[in-house]
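# Topology and contacts: notes
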Amino acid sequence: ETGVTQTPRHLVMGMTNKKSLKCEQHLGHNAMYWYKQSAKKPLELMFVYSLEERVENNSVPSRFSPECPNSSHLFLHLHTLQPEDSALYLCASSQQGTELEQYFGPGTRLTVT
Amino acid sequence: AQSVAQPEDQVNVAEGNPLTVKCTYSVSGNPYLFWYVQYPNRGLQFLLKYITGDNLVKGSYGFEAEFNKSQTSFHLKKPSALVSDSALYFCAVREYNFNKFYFGSGTKLNVKP
């Protein structure tokens with residue numbers, strides 16, 4: 001295991017639902033990330049939090065709302081999603097200011113119906 | 001603009017043969033380079049990285065990669081492929097003084113018995 005956990009592992013939601021994805025890292029890192037992984041496309045960086053402050057937004061639609069209450073936890077709140085938002089959502093963490101690589105969680109497979 | 005290219009969507013190799021998965025990058029400063037592997041329904045796992053020093057870096061599971069600054073490449077290699085190496089491989093680059101990682105679109109490696 002990488003030390004990064006994500007829940008739930010699978011989620012099916014309708015377009016009018018509201019749900020949240022959770023990520024937790026047990027590595028003492030100070031930066032956390034949300035990525036979207038769609039088939040045959042590069043990993044899309046959605047959000048970066050460094051020292052609990054959002055530093056990157058990459059023009060993500062407002063129907064995705066991140067929250068980072070502390071350096072160990074990261075949430076992605078979802079509402080009124082579209083079918084094209086169906087993808088694997090990956091959380092990662094790293095230690096800012098070092099040469100360390102990112103550590104990834106197992107991902108949440110999201111299906112929007 | 002920073003970017004990573006993996007020119008092959010898929011690489012097929014017979015078990016026991018050497019394998020190469022290609023990666024080229026574009027970054028304005030000195031790069032940190034990474035390779036990750038993703039097995040089905042799993043997150044990305046770190047394989048190896050180049051930070052500085054010897055151009056040939058060794059990583060997990062017998063993989064190695066060669067940094068070539070003049071060709072801006074960082075190809076992943078293994079002398080003898082195993083069926084269990086079959087997975088999706090991602091190359092990533094990061095500028096040394098920034099905390100943002102750029103990923104390629106991935107290369108599916110198929111190792112046949």
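Residues numbered from 1 in each chain as written. Chains lettered and ligands numbered in written order. Predicted model: local features only at pLDDT ≥ 70, side-chain atom pairs only at ≥ 80, totals over all residues. Heavy atoms only, no water.

All names here are of chain A. Mapped onto the secondary structure, Leu 78 falls in strand β8 (residues 73-79). Residues Leu 78 and Ser 93, spaced 15 residues apart in sequence, show a C-alpha to C-alpha distance of 21 Å. Excluding residues within four positions of it along the chain, Leu 78 makes contact with Leu 11, Met 13, Asn 17, Lys 18, Lys 19, Leu 21, Arg 63, Phe 64 and Leu 110. (Helix = DSSP H or I, 4+ residues; strand = E, 2+ residues; numbered from the N terminus. Contact = heavy atoms within 4.5 Å.)

Each partner contributes residues to the interface: chain B has 20 residues there, and chain A has 23 residues. With both sides pooled, the region where chain B packs onto chain A buries about 1,800 Å², and carbon together with sulfur makes up 51% of that total. Seen at the junction of chain B and chain A, the total is one salt bridge. Note that Lys49(B) and Glu101(A) form a salt bridge whose closest N and O atoms lie 3.0 Å from each other. Seen at the junction of chain B and chain A, the total is three residue pairs in polar contact (both at pLDDT 80 or more). Considering each element in turn, the side of chain B that touches chain A owes the most residues, four residues, to strand β5 (residues 31-38) of chain B. Here the side of chain B that touches chain A is built from residues that sort into ten nonpolar, six polar and four charged. (Buried area = accessible area lost by both parts, 1.4 Å probe. Salt bridge = Lys/Arg side-chain N within 4 Å of Asp/Glu carboxyl O. Polar contact = N/O pair within 3.5 Å; in protein donor to acceptor, adjacent residues only side chain to side chain. Nonpolar A, V, L, I, M, F, W, Y, C, P; charged D, E, K, R; others polar.)

This part takes up the state of the cysteines. Overall, the coordinates contain two disulfides over all chains when judged by the stated rule. Two residues share a disulfide in this structure: Cys23(B) and Cys91(B), whose sulfurs sit 2.0 Å from each other. Disulfide Cys23(B)-Cys91(B): the torsion about the S-S bond is -65°, which places it as left-handed. Placement of the pair is Cys23(B) in the loop between β3 (19-21) and β4 (24-26) and Cys91(B) in strand β10 (residues 87-95), with a sequence separation of 68 residues. On the accessibility criterion, Cys23(B) (0% relative accessible area) is buried. Looking at Cys68(A), it has no disulfide partner, and the nearest cysteine sulfur is the one in Cys91(A), 9.1 Å off. (Disulfide = S-S within 2.5 Å. Buried < 20%, exposed > 50% of the residue type's maximum accessible area, 1.4 Å probe, protein only.)

The next point concerns the pattern of salt bridges. Opposite charge on two side chains permits them to pair, given that their charged atoms come into close proximity. Residues and elements named next belong to chain B. For the structure on display, the rule yields five salt bridges over all chains. Across the pair Lys 58 and Glu 64 runs a salt bridge, and its minimum N-O distance is 2.9 Å. Judged by its relative accessible area of 17%, Glu 64 falls in the buried class.

Where the model shows low pLDDT, its predicted coordinates should not be examined in detail. Confidence along chain A averages 91 in pLDDT terms, with 99% of residues attaining 70 or more. Per-element mean pLDDT across chain A ranges from 78 in strand β6 (residues 53-56) of chain A up to 97 in strand β3 (residues 18-25) of chain A. (pLDDT = per-residue confidence, 0-100.)

What follows concerns the environment of Lys58(B). All names here are of chain B. Relative to the helices and strands, Lys 58 resides in strand β7 (residues 56-58). Placed 38 residues apart in sequence, Lys 58 and Thr 20 show a C-alpha to C-alpha distance of 14 Å. With residues up to four places along the chain from it excluded, the contact list for Lys 58 reads Leu 48, Phe 63 and Glu 64. In this structure the side chain of Lys 58 is engaged in a polar contact, spanning 2.9 Å, whose partner is the side chain of Glu 64.

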